[in-house]
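Chains, contacts and geometry: an overview
The lines below spell out each chain.
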Amino acid sequence: MLNNKSSAPKSISSFEFAIEAIIRVLGFSTIGFVLLIFLFLLKEGVPFFYKTDLINIFGTRWYPTFDLFGTLPLILGSVAITVVAVIMALPMGVATAVFIREIAPGWVREILKPMIETLAGIPSVVIGFFGMTVIAPMVRETLGVATGLTIFTGAVTLAYMALPTMISVAEDALDTVPKNYRDAALAMGATKWQTIRHVVLPAARSGISMAVMLGMGRAIGETMTVMMVTGNAARMPLGLDALFKPIRTMTATIAAEMGEVAGGSIHYHALFGIGIVLFVLTFFINLAAARAIFQKRRKGGLR
Amino acid sequence: MEKIVVNHLNFYYGDHIALADTSMSIAEHRVTALIGPSGCGKSTFLRCLNRMNDTIRNTRAEGEILLDGVNIYAPGSDVVTLRQRVGMVFQRPNPFPQSIFNNVSFGPRMLGLAKGSALDDMVEQSLRGAALWDKVKDKLHQDALHLSLGQQQRLCIARAIAVKPEVILMDEPCSALDPIATGHVEELIESLQEHYTIVIVTHSMHQAARVSNFTGFFWLGKLVEFDATEKIFSRPGQKQTEDYITGRAG
Ligand SMILES: Nc1ncnc2c1ncn2[C@@H]1O[C@H](COP(=O)(O)OP(=O)(O)OP(=O)(O)O)[C@@H](O)[C@H]1O
Ligand SMILES: [Mg+2]
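Residues numbered from 1 in each chain as written. Chains lettered and ligands numbered in written order. Predicted model: local features only at pLDDT ≥ 70, side-chain atom pairs only at ≥ 80, totals over all residues. Heavy atoms only, no water.

Residues and elements named next belong to chain B. As a matter of local geometry, ligand 1 sits amid 13 residues, with Ser38, Gly39, Lys42, Ser43 and Thr44 nearest to it. Interatomic distance of 3.4 Å between a side-chain N/O atom of tyrosine 13 and a nitrogen atom of ligand 1. Between ligand 1 and histidine 203 there is a distance of 2.9 Å, counted from an oxygen atom to a side-chain nitrogen or oxygen. In the complex, the protein chains occlude 64% of the 620 Å² of accessible area that ligand 1 would expose alone. Mapped by element, the contributors of at least two residues to the shell around ligand 1 are strand 2 (16-27) and helix 1 (42-49). In terms of residue count, the dominant contributor to the shell around ligand 1 is helix 1 (three residues). Of the residues in the shell around ligand 1, the class split is four nonpolar, seven polar and two charged. (Near = heavy atom within 4 Å. Polar contact = N/O pair within 3.5 Å; in protein donor to acceptor, adjacent residues only side chain to side chain. Areas by Shrake-Rupley, 256 points an atom, 1.4 Å probe, with all protein chains shown as cover. Helix = DSSP H or I, 4+ residues; strand = E, 2+ residues; numbered from the N terminus. Nonpolar A, V, L, I, M, F, W, Y, C, P; charged D, E, K, R; others polar.)

A few words now on the environment of cysteine 40 of chain B. All names here are of chain B. Among the structural elements, cysteine 40 can be located in the loop between strand 3 (31-35) and helix 1. Residue cysteine 40 is classed as buried on the basis of its relative accessible area, which comes to 1%. The spacing of cysteine 40 and glutamate 230 is 190 residues in sequence and 22 Å in space, taken between C-alpha atoms. What cysteine 40 contacts, discounting residues up to four positions off in sequence, is Ala18, Phe218, Trp219, Leu220, Gly221 and Lys222. (Buried < 20%, exposed > 50% of the residue type's maximum accessible area, 1.4 Å probe, protein only. Contact = heavy atoms within 4.5 Å.)

Listed by partner, the interface residues are 24 residues for chain B and 23 residues for chain A. Of all residues in chain B, Phe96, Pro97 and Met110 of chain B give up the largest surface area on contact with chain A, accounting jointly for 28% of the area buried on that side. For the pair chain B and chain A, the number of links is zero salt bridges. Applying the counting rule to chain B against chain A returns three residue pairs in polar contact (both at pLDDT 80 or more). Secondary structure elements with two or more residues in the side of chain B that touches chain A: helix 2 (79-85), strand 6 (86-89) and helix 3 (100-111) of chain B. (Buried area = accessible area lost by both parts, 1.4 Å probe. Salt bridge = Lys/Arg side-chain N within 4 Å of Asp/Glu carboxyl O.)

Moving on, we get to the side chain of glutamine 152 of chain B. Residues and elements named next belong to chain B. Its location among the elements puts glutamine 152 in helix 6 (residues 149-161). For glutamine 152, a relative accessible area of 8% corresponds to the buried category. When residues no more than four places from it in sequence are discounted, the contact partners of glutamine 152 are Pro93, Pro95, Ala144, Leu145 and Leu147.

Here we take up the packing of aromatic side chains. All names here are of chain B. Counted by the stated rule, this structure contains 16 aromatic pairs over all chains. Arranged with centres 6.2 Å apart and planes meeting at 45 degrees, the rings of phenylalanine 217 and tryptophan 219 form a pair that is tilted. Look at phenylalanine 217 and you get buried, because its relative accessible area is 0%. Tryptophan 219 gets classed as partly exposed once you look at its relative accessible area, which sits at 23%. (Phe/Tyr/Trp six-rings, centres within 6.5 Å; stacked < 30°, edge-to-face > 60°.)

Here we come to the side chain of serine 126 of chain B. Relative to the elements of secondary structure, serine 126 of chain B occurs in helix 4 (residues 116-129). When sequence neighbours within four positions are dropped, the list of residues in contact with serine 126 of chain B reads Val104, Ala158, Ile161 and Ala162 of chain B.

Turning next to the sheet that holds strand 6 of chain B. Residues and elements named next belong to chain B. Taken in spatial order, the six strands of this open sheet run 6-7-8-3-9-10, and their pairing is mixed. The open sheet is flanked by strand 6 and strand 10 (222-228), the only strands paired with a single partner. Averaged over all pairs of adjacent strands, the angle between their axes in this sheet comes to 20 degrees, without regard to strand direction. Where strand 7 (residues 167-171) and strand 8 (residues 197-201) come together, five bridges link them in parallel fashion. Looking across to strand 8, one finds that isoleucine 168 is bridged to isoleucine 198. Across the face of the sheet, helix 1 comes into contact with strand 3, strand 6, strand 7, strand 8 and strand 9 (214-219) while running at roughly 155 degrees to strand 7. (Pairing = 2+ DSSP bridges. Axes fitted to C-alpha atoms, helices over the stretch in contact; angles between N-to-C directions.)

Turning next to the sheet that holds strand 2 of chain B. In a beta sheet, neighbouring strands pair by backbone hydrogen bonds and run either parallel or antiparallel. All names here are of chain B. Reading across the sheet, the four strands line up as 2-1-4-5 and stay open at both edges, with antiparallel pairing between neighbours. One side of each edge strand has no neighbouring strand; the edge strands of this open sheet are strand 2 and strand 5 (70-71). Relative to strand 5, strand 4 (residues 59-67) runs antiparallel, the two being bridged by two bridges. In the strand pairing of strand 5, leucine 67 is matched with valine 70. Against the sheet, helix 1 makes contact with strand 1 (2-13), strand 2 and strand 4, and its axis sits at roughly 120 degrees relative to strand 1, the strand it touches most.

Its boundaries defined by the atoms lining it, the largest pocket holds a volume of some 670 Å³. Residue lining of the largest pocket: 24 residues in total, with Glu102, Arg182, Leu186 and Lys192 of chain A together with Thr55 of chain B positioned closest to the centre. Broken down by secondary-structure element, the contributors of at least two residues to the lining of the largest pocket are helix 3 (72-103), helix 6 (151-175), helix 7 (179-187) and helix 8 (192-203) of chain A together with helix 2 of chain B. The residue inventory of the lining of the largest pocket, partitioned by class, reads 10 nonpolar, three polar and 11 charged. (1 Å grid on protein atoms, 1.4 Å probe; cavity = no way out; pocket = protein on both sides within 12 Å on 5 of 7 lines; lining within 4 Å. Points joined across faces, edges and corners; volume = space filled by probe spheres on them.)

Turning our eyes to something else, we now look at the domain arrangement of chain A. All names here are of chain A. Assigned domains of chain A: these are domain 1 (1-51) and domain 2 (54-302). Computed over C-alpha atoms, the centres of domain 1 and domain 2 are 33 Å apart. On the side of domain 2, 13 residues touch domain 1, which itself brings 11 residues to the contact. Taken over both partners, the interface formed by domain 1 and domain 2 buries close to 1200 Å², and the fraction arising from carbon and sulfur atoms is 84%. (Domains from an automatic or database assignment.)

It is worth spelling out the pairing of strand 1 of chain B at this point. All names here are of chain B. Across eight bridges, strand 1 lies against strand 2 in antiparallel orientation. Within strand 2, the residue paired with tyrosine 12 across the bridge is isoleucine 17. Connecting the antiparallel pair strand 1 and strand 2 is a turn made up of two residues, with glycine 14 showing a positive phi of about 60 degrees.

It is worth spelling out the confidence of the model for chain B at this point. Overall, the prediction assigns chain B a mean pLDDT of 92, with 99% of residues at 70 or greater. Two numbers describe this predicted complex: its pTM, 0.81, and its ipTM, 0.90. (pLDDT = per-residue confidence, 0-100.)

Residue and element names in this part refer to chain B. Of note, arginine 51 is a non-glycine position whose phi angle comes to about 55 degrees, a positive value. Relative to the helices and strands, arginine 51 resides in the loop between helix 1 and strand 4. A positive phi angle, near 65 degrees, is found at asparagine 58, a position not held by glycine. With respect to the element layout, asparagine 58 can be found in the loop between helix 1 and strand 4. Under the relative-accessibility criterion, asparagine 58 is labelled exposed at 65%.

Quick look at the structure:
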């Protein structure tokens, strides 16, 4: 485009130049905003790490009113709920993707796909509401625990929220498995299920691990739903029975406490510090997802 | 001795008729070649023989195909066992993106034919059968996609014979291969006919002449002529056949 600039009439070339300039400015400003946010996060968060002792930071008790800023229960809370959510969502997501892509007749697929996309658009507060009023009482009554607001409840709602992303990414992964692999298996007398289980799914595994990563990213950053259904008690989630006890996540802590802290106080910096931890975790999850994509490209989309 | 008898086969893709009133007898332990211009229905015919066309939506077959005297299109006949008996090698080599060993052992594992050392033996036998064993015996656990295309195609043949089929269908198995790899596959076809009945689609007249005992010439969805290869290439009964094999039509 630049080469034939000289041959184009002057008005057109200056118009093109203006458009290009605007696009460039907009493009760079997006990157700029991300950087600014990150710098702001660092500026406000880093003081927490040198103004507080490490023993306190890595303690197990988060009681800001007593100057106890143990972040472990919050980090573990986020991690626990995310992991449980993904463990729940993975088989369902993959099964749904397999159903849509490999089994369902055309018209069912046409109905299911937009429905799943709609699911992705439900506001998280609505899902939280549903979790609070339907799932939590169910958990409390069937399991006979003190409160229905638990890791388990949170994970169920998060799984539900991560599902649409996971389904569509897993579906794309199945879609990229070449037809000739299926044909090869079928032509040997493999059944449809054997073909899916032993050829299609293994060939799609990097795409499926990408689905897991994206689902995780979605789950760990989620705030409103977990605030509503996890009980928000900053306890260490240790042992299996913790699954049915309340927890508090990093996101919920920031959202709940940010409104009440005095600017510049240790508590204020602590919340930003948690923000940094969250940022780093999400960054690594995204990195893993990007790696999965990259590997897939490098191998020509074959696995 | 006839392995497969096709009687008055019609085949439709939706409303489009791709094969009309095709009848053919395929001799056991012989190589039968199918030739004809592009789009004349060779692949369609081949895929009817193991009902791979069933995987394409909105298709329909009429007439009958007898495998050892039993109609494979009869209601209630089992495609899965049919395809174990009638294996297939495709135009483009399509090994699974897994190890060489896993590719060959895939069928036997799937069908529960063998386990452990019996499975190892089966893999070795199949690879020997496909004249590939010496090339790959030291790298059985390497990715099959690292093999050359010609070797991949022989791997696909090994994979097909690992489930002990009776018939092997090959759809232009050499079209993606260079002349040397083609030569290897042709030699392999020679040696396979001792144990298997082979039906091969090819665009190469020379290949048909070299490897087959019988040749069928298709034209616009019809089987124009079917006879001993030698006769088809020396004294074709139909003008169309003669024009095609001498390169005057195509
Ligand atoms: N999946 C399909 N859906 C619809 N029509 C098809 C399909 N496959 C083949 N056909 C049509 O059926 C006819 C026969 O096709 P077929 O693939 O059997 O030809 P062929 O002789 O194998 O040709 P080629 O030598 O190019 O492979 C063609 O007119 C083709 O357009
Ligand atoms: Mg063809």
